[in-house]
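Commentary on secondary and tertiary structure
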Amino acid sequence: MDDTPQEQERVTDDPRASRYEIRIGPGAAAGTGEPVGFAEYHLSEGELALIHTEVDPVFEGRGLAGRLVRAALDDARRRGLAVLPYCPYVRKWIGRHPDFTDLVPADRRARFGL
């Protein structure tokens, strides 16, 4: 049996910086853990344009970018926002998770290859 504690992780929205951040480590649950990735956005008139997603290369391969994008999309759904996936990673992620395609306005899906 593995008694290693699970690493804490949390995604938060920082509206002043216009980005969602994923933090890990002690304090993550309180939003004070080490930021290891972000998804930049532009919010305008009920639309969340996701522009760029990045995870520190030291933390790649852990699925953090996917959990970051899922949290951002879940937040957009909760807030009733349409999503414009300009970020190639976000477009690819939505393509692999079609249950999120409805967040992209139907008349713009072709533009994003969805």
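Relevant structure appears above.
This write-up is about the structure you can find in this document. (Residues numbered from 1 in each chain as written. Predicted model: local features only at pLDDT ≥ 70, side-chain atom pairs only at ≥ 80, totals over all residues. Heavy atoms only, no water.)

**Brief notes about the nonpolar core**
For the record, the criterion: Nonpolar cores were defined as sets of buried Ala, Val, Leu, Ile, Met, Phe, Trp, Tyr and Cys residues, with membership established by side-chain atoms within 4.5 Å. A 1.4 Å probe rolled over the protein chains alone gives each residue an accessible area, and that area as a share of the maximum for its type sets the label: buried under 20%, exposed over 50%, partly exposed in between. Every helix listed is a DSSP run of H or I at least four residues long, and every strand listed is a run of E at least two residues long, numbered separately from the N terminus. What makes two residues a contact is simply this: any of their non-hydrogen atoms within 4.5 Å.
Y20, L48, L50, L64 and L73 are the most contacted members of the largest nonpolar core, which totals 29 residues. Listing elements by their share of this core, those giving two or more residues are β2 (19–24), β3 (34–44), β4 (47–55), α1 (64–79), β5 (82–85) and α2 (88–96). If we skip the residues at most four places from it in the chain, L50 touches E40, Y41, L73, V83, L84, P85, Y86, C87 and V90.

**Focus on the sheet that holds strand β1 (residues 9–14)**
Test applied: Only when DSSP finds a minimum of two bridges between them are two strands counted as paired. Geometry is summarised by axes, namely lines fitted to C-alpha atoms with helices restricted to the contacting stretch, and by angles between N-to-C directions that run from 0 to 180 degrees.
Taken in spatial order, the 5 strands of this open sheet run β1-β2-β3-β4-β5, and their pairing is mixed. What marks the edges here is a single partner per strand, and that holds for β1 and β5. Averaged over all neighbouring strand pairs, the angle between strand axes comes to 25 degrees, with direction disregarded. Here α1 sits on the sheet in contact with β1, β2, β3, β4 and β5, set at roughly 135 degrees to β2.

**Concerning unusual backbone geometry**
Excluding glycine, a negative phi dihedral is what most residues carry, and trans is how most peptide bonds are arranged. Although it is not a glycine, S18 adopts a positive phi angle of roughly 55 degrees. Within the fold, S18 resides in the loop between β1 and β2. A positive phi angle, near 45 degrees, is found at E45, a position not held by glycine. Within the element layout of this structure, E45 appears in the loop between β3 and β4.

**Overview of the packing of α1 against α2**
Between two packed helices, the angle of one axis relative to the other and the distance separating the axes together describe the packing. Note the threshold: Just so you know how the angles are binned, under 35 degrees is roughly parallel, over 145 roughly antiparallel, 65 to 115 roughly perpendicular, and the rest oblique. Residue polarity follows a fixed list, in which Ala, Val, Leu, Ile, Met, Phe, Trp, Tyr, Cys and Pro are nonpolar, Asp, Glu, Lys and Arg are charged, and the others, Gly among them, are polar.
Contact geometry of α1 with α2 gives a least axis separation of 11 Å together with a crossing angle of 80 degrees. On the basis of their axis angle, the class for α1 and α2 is roughly perpendicular. Residue-level inspection shows A65, G66, V69, R70 and L73 of α1 in contact with α2, the latter providing Y89, V90, W93 and I94. When its residues are assigned to classes, the contact of α1 with α2 shows 7 nonpolar, 1 polar and 1 charged.

**A closer look at the packing of aromatic side chains**
The geometry of an aromatic ring pair comes down to the distance between the two centres and the angle between the two planes. Here is the rule we go by: Note on aromatic pairs: the rings of Phe, Tyr and Trp (six-membered ring only in Trp) are paired at centre separations within 6.5 Å, and the planes decide the class, stacked below 30 degrees, edge-to-face beyond 60, tilted for the rest.
Inspection of every chain in the model, using the stated rule, returns 3 aromatic pairs. Taking the centre distance of 5.2 Å and the plane angle of 50 degrees together, the rings of Y20 and Y41 count as tilted. One end of the pair, Y20, is in strand β2; the other, Y41, is in strand β3, with 21 residues separating them in the sequence. When sorted by exposure, Y20 lands in the same class as Y41, which is buried.

**Some thoughts on the pairing of β3**
In this sheet, β3 lies alongside β2 in antiparallel orientation, the contact comprising 6 bridges. Residue pairing for β3: R23 is matched across the bridge by P35. Relative to β4, β3 is paired through 8 bridges, and the arrangement is antiparallel. In the sheet register, L43 faces β4, and the bridge partner there is L48. Between β3 and β4, which pair antiparallel one after the other, the connecting turn spans 2 residues, and E45 there sits at a positive phi close to 45 degrees.

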